[in-house]
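Working through the structure, step by step
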Amino acid sequence: MVVLQAFADDSGSAPNSEFFSVAGWVAPRETWDAFSPVWRDVCLEPRKISFFKSNHAIGFKKQFQGFTQEQRNAKVARLAGTIAEFSPLRIGASLRRSDYLEAFRSGFEDVASKEPYYILATHICAECHVLLEKSNGQLDRVDFFFDFQGKLGYRFKKYYEKTIKPQCPGLGECNFVDDITFTPLQAADMVAWRARQDSMTVDMWTAADVYLAPMMRPIQVMSRSLLLEMAQNIKRDAGLGC
């Protein structure tokens, strides 16, 4: 039996960010075991970094402090090429924050929050459940690894165990972990930023897109009407059915 592992990160969590996304990659556990040492080796290639964060790369700070634009773009492209070598499947969704706030104004404290993270993380769980259903028994389960989210992550994990997992056979453990230790989360960070199409990242992503583009199947953009419909369904059912 094949066990999948899904790694996902968020982008656009600042309150003033118009768009918010949670995106990442899913692949067999053995694929990620092979991926991690290769990713670390690429990080340490000249000009080296200890780990990758898109925010550092975009702002030329911390891990990317002192890099030229050419050096930054080359490092991002090299890392993107490493992801492509292992052919994971992209997962995720995005939404406009104002649409979410309109749909989920109040009364959803047990299944959502003021932050749209719940809805987008739940969508990733549903995506992976569909993969299991379509595998005709060839996939055993999928375990989730989300970037550490503090109290928000703790609440979502409780919701996952109480509501999502019982409705979706084959879903495994839900973990919130450190992205420095779990290197596939650094790859998820890259694709979450890329999914937002931030105008400041054009040069950087142009270098990486030759590798990322073939894997960048469209992620769902949750429209205002879809979010309103979801809110009505959650209020009725007290959960997102799978």
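Described in the following lines is the structure provided in the data block. Keep in mind the model is a prediction, meaning the values are calculated, not measured. (Residues numbered from 1 in each chain as written. Predicted model: local features only at pLDDT ≥ 70, side-chain atom pairs only at ≥ 80, totals over all residues. Heavy atoms only, no water.)

So, helix α7 (residues 184–196)
One turn of the α-helix equals 3.6 residues, which is why residues spaced by three or four share an orientation. Quick reminder of the rule: Secondary structure elements follow DSSP: runs of H or I of four or more residues count as helices, runs of E of two or more count as strands, with numbering from the N terminus. The span one expects for a helix is its residue count, reduced by one, times 1.5 Å. For the exposure calls, accessible area comes from a 1.4 Å probe over protein chains only, and a residue counts as buried if that area is under 20% of its type's maximum, exposed if over 50%, partly exposed in between.
The end-to-end C-alpha distance of α7 is 19 Å, a good match for the 18 Å that 13 residues give at a rise of 1.5 Å each. The element α7 is largely enclosed, with a buried count of twelve among its 13 residues.

Describing the side chain of Asp 189
Counted only if it meets this: Under the counting rule used here, the positive set is Lys and Arg, the negative set is Asp and Glu, and His together with the chain ends is not counted. Salt bridge, as used here: a side-chain nitrogen of Lys or Arg that lies within 4 Å of a carboxyl oxygen of Asp or Glu. Polar contact criterion, stated in full: a pair of N or O atoms within 3.5 Å, where within protein one must be able to donate a hydrogen and the other to accept it, and residues adjacent in sequence count only if both atoms are side-chain atoms. Contact criterion: two residues are considered in contact whenever any of their non-hydrogen atoms come within 4.5 Å of each other.
Looking at the secondary structure, you find Asp 189 in helix α7. Despite its burial, Asp 189 pairs with no opposite charge, the nearest such side chain being Lys 53 at 5.5 Å. Looking at Asp 189, its side chain comes within polar contact range of the main-chain nitrogen of Ser 54, at 2.7 Å. With residues up to four places along the chain from it excluded, the contact list for Asp 189 reads Asp 9, Phe 52, Lys 53 and Ser 54.

Quick notes on the pattern of salt bridges
What the rule picks out here adds up to nine salt bridges. When the shortest N-O distance is used, the salt bridge between Arg 224 and Glu 102 registers 2.7 Å. Taken together, the residues Arg 224 in helix α9 (residues 224–237) and Glu 102 in helix α4 (residues 97–103) connect sequence positions 122 residues apart. For Arg 224, a relative accessible area of 40% translates into the label partly exposed. Judged by its relative accessible area of 29%, Glu 102 is partly exposed.

A closer look at helix α6 (residues 151–167)
The terminal C-alpha atoms of α6, which comprises 17 residues, lie 24 Å apart, in line with the 24 Å expected from a rise of 1.5 Å per residue. Listed as buried for α6 are Leu 152, Gly 153, Phe 156, Tyr 159, Tyr 160, Thr 163 and Ile 164. On its buried face, α6 is in contact with α5 (117–134), β4 (139–147) and β5 (171–177).

By themselves, these are just geometric observations and shouldn't be taken as functional.
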